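# Breakdown of the fold
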Amino acid sequence: MPQINFSQFLLLIADALRTEDGPKLAGLLKPVEEHGKMLVKEFRNPTKHSFSAYEGSMESPWDEIAIQYVLVVNHCAKRRASEAFKEECQLVSLFFRYFSQHSGWTLPALFSILRDLRDLAFDADLEARQKGQTDTANMEEAARLISKAFSNCITDRSSPYAESRRWGVYYVVGLILKSYFRVKRISLSKNILRAIDANPDIPPLSSYPKSHQVTYRYYLGMLSFLSEDFVKAEQEFTLAFYGCHVGAHRNQLRILTYLIPLRILRGHLPSKDLLDRFPVLDDLYAPFISAIRKGDIREYDETLDRQERRLVELNLWLTLEKARELCIRGLFRRVWVSSDKSTRIPVSMFHTGLQVAGSDVPMEEAECLVANMIYRGYMRGYISHEKQMVVLANTNTFPRLADRSNPFAQL
Amino acid sequence: MSSQPGAQQPTVEESEKKVIKTLEEDDEFEDFPEDTKWTNESNPQLSSANLWEEDWDDDDNQDDFSKKLRDELKKSQKLSN
């Protein structure tokens, strides 16, 4: 971009408005662009007051938006994060005045300024933390403003379908959810999801851009996972994973961090091919998977202990603790194989198996564990308590884990 | 290469730290770059490869744990017979 001054900046905005060029408008409002730096140089210490001559120089609210823009870039240049955020809030609010009265052509600009708002809120929170102040107030404020954008999108009843502001709904929701997760106010997400459900005339999710779909599904998966709706969580993570762009490795990693343990519970183990592509997940999950395959309870428990901190942070500790059952099943199946798949195996053999696997329990508890495995459908048969004998079905003795109809039901 | 005994193989603790760090850095779902080209076909890398195993129960394991288990079960079988 050649050298420009504020008057020319106004002309560029007017031009973008006239041609309804959303991406161009987005670029003009980005604080990091080259033209921003030029405008900073033009005004030494800009204030709202010093711009009063420009008010009314173009269609409202764009005169004020342009002024706000200069205030934002000036604060950014001086590294005043909190002030920059406050001015950006003003800019966004002014933008809403225009946005809510027009069709969705401005969506690229909306997305862009909301991202900037969120990033500036992040910086402002960081600055506050360094000063020892509360550290999430700015992000919470950003989330409130982004929620207003959501309302402005969802209430569009006048624009033609193809140009509806509703095409911004899922992207904006993605931004809001991300902000809520960042400030750990996850419970607030429910209001947004409810608002989506209450608006059946939003176009179906599948007709939105893929990046909107994948981000939304990731957060929906997370919310379902955290409220222990594992069936829904697995569905959403699966759709997010298979829809995710191949190049977005870190996002794939993020999705798989949760999808893999949910799949393990269903008896679908990640292949070596999959884990090889994500060494971090290989480090985290391969020991669990190896222990499940072998039935090595000791190895499983040691891994659970070793990874405890990490798993707790990711909210995954309980999930992996549940999957320990699969390891016990693996052990009992090994005992059965070593007994030449006999249909009659003394309880004492399972007891020995548990001892070898590091689980030093009395005989009664071994019997109890076998009973539980039978009750839970992991193995088919019954126990003759008097004879201390486990009588096993001679077909489908250990049903394939992947064949269980409702694997999450008993968790 | 260093001849110190610890240098050749990262200790469990070190690899642990590595995992923790990498996952923490990725703490958030990232914005997709705006210029990302999305196609309507499903991800070829994902559909071509077999990513999940459903049939993984096997009857012949040669790892140390399985061998030890077999040996101990044989011993205890003999005792009970």
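Bear in mind the structure is a predicted one, so any value in this text is a computation, not a measurement.

### Some thoughts on the packing of helix 4 (residues 62-77) of chain A against helix 5 (residues 81-99) of chain A
Residues and elements named next belong to chain A.
- Taken N-terminus to C-terminus, the directions of helix 4 and helix 5 make an angle of 160°; their axes are 8 Å apart at the nearest point. Here helix 4 lies roughly antiparallel to helix 5, going by the angle between them. With respect to the hand of their crossing, helix 4 and helix 5 are arranged in left-handed fashion. In this structure, helix 4 contributes Trp-62, Glu-64, Ile-65, Gln-68, Tyr-69, Leu-71, Val-72, His-75 and Cys-76 to the contact, and helix 5 contributes Glu-83, Ala-84, Glu-87, Glu-88, Gln-90, Leu-91, Leu-94, Phe-95, Arg-97 and Tyr-98.
- Tallied by class, the residues present in the contact of helix 4 with helix 5 amount to 11 nonpolar, 3 polar and 5 charged.

### Here's the deal with the UniProt feature "domain: PCI" (unreviewed entry) in chain A
- In the numbering used here, UniProt assigns the "domain: PCI" (unreviewed entry) feature to residues 214-397 of chain A.
- Helix makes up 68% of residues 214-397 of chain A and strand makes up 7%, while its end C-alpha atoms are separated by 40 Å.

### Description of the sheet that holds strand 2 (residues 344-346) of chain A
All names here are of chain A.
- Taking strand neighbours across the sheet as the criterion, the 3 strands line up as 2-4-3 in an open arrangement whose pairing is antiparallel. Single-partner strands in this sheet number two, and they are strand 2 and strand 3 (381-384). Mean inter-strand twist for the sheet, computed between neighbouring axes without regard to direction, equals 25°.
- One ladder, built from 4 bridges, connects strand 3 with strand 4 (residues 389-392); its direction is antiparallel. In the strand pairing of strand 4, Ser-384 is matched with Met-389.
- The strands that helix 20 (residues 363-375) touches are strand 3 and strand 4; relative to strand 3, the one it contacts most, it runs at about 155°.

The rules behind the values
Residues numbered from 1 in each chain as written. Chains lettered and ligands numbered in written order. Predicted model: local features only at pLDDT ≥ 70, side-chain atom pairs only at ≥ 80, totals over all residues. Heavy atoms only, no water. Axes fitted to C-alpha atoms, helices over the stretch in contact; angles between N-to-C directions. Helix = DSSP H or I, 4+ residues; strand = E, 2+ residues; numbered from the N terminus. Parallel < 35°, antiparallel > 145°, perpendicular 65-115°, else oblique. Left-handed = near helix turned anticlockwise from the far one by under 90°. Contact = heavy atoms within 4.5 Å. Nonpolar A, V, L, I, M, F, W, Y, C, P; charged D, E, K, R; others polar. UniProt positions renumbered as here; feature names shortened; annotations may be inferred. Pairing = 2+ DSSP bridges.

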